[in-house]
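# Notes for the structure review
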Amino acid sequence: MSESQEPALQHYHLGNAHYVDEDFNSSVTSFGRALDALPPISGAGTAESAAVKFLRARILSGRSAALYKTGRHASSADDAATSISLGLDTEAAHRRSALALYELGRYADAREAFERAIALAPRD
């Protein structure tokens, strides 16, 4: 991580700490601050832009989990979808998407997301 990403990274870690403490509203706030602190993506295809994109995806995934815990399922689903579209193709991102979609009554979409999550981590 570059120096320009440090403030975002600090808020990201604070968001995770709030989540562990089950202070989900503070977690959402910290993840939002992390997103606000991210530098703009500089030059497509550079290592810097790839690192910012990856960090943005991680922050959105974390915020998706916290939003879900606060009952904000539509926002949770949006953050999960954006994190996946940014390349965070992980079991956790797809599981978060599936849970939020299920709560929204989008059962076919939820099933598809759950299936992708299982395919990525079949033993979890």
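Notes on the structure follow.

For the rest of this paragraph, the subject is the pattern of salt bridges. Tallied over the full model, the rule gives five salt bridges. Across the pair aspartate 89 and arginine 116 runs a salt bridge, and its minimum N-O distance is 2.3 Å. Placement of the pair is aspartate 89 in the loop between α4 (73-85) and α5 (91-103) and arginine 116 in helix α6 (residues 107-120), with a sequence separation of 27 residues. What makes aspartate 89 partly exposed here is its relative accessible area of 37%. Taking the relative accessible area as the measure of exposure, arginine 116 reaches 33% and is therefore partly exposed. Ionic pairing is found between glutamate 115 and arginine 111, a salt bridge with its closest N-O pair at 3.0 Å. Pair noted here: glutamate 115 and arginine 111 are both in helix α6, with a separation of four residues, about one helical turn. Using a relative accessible area of 44% as the deciding quantity, one classes glutamate 115 as partly exposed. According to the relative accessible area criterion, arginine 111 is exposed, its value standing at 58%.

Definitions and limits used
Residues numbered from 1 in each chain as written. Predicted model: local features only at pLDDT ≥ 70, side-chain atom pairs only at ≥ 80, totals over all residues. Heavy atoms only, no water. Salt bridge = Lys/Arg side-chain N within 4 Å of Asp/Glu carboxyl O. Helix = DSSP H or I, 4+ residues; strand = E, 2+ residues; numbered from the N terminus. Buried < 20%, exposed > 50% of the residue type's maximum accessible area, 1.4 Å probe, protein only.

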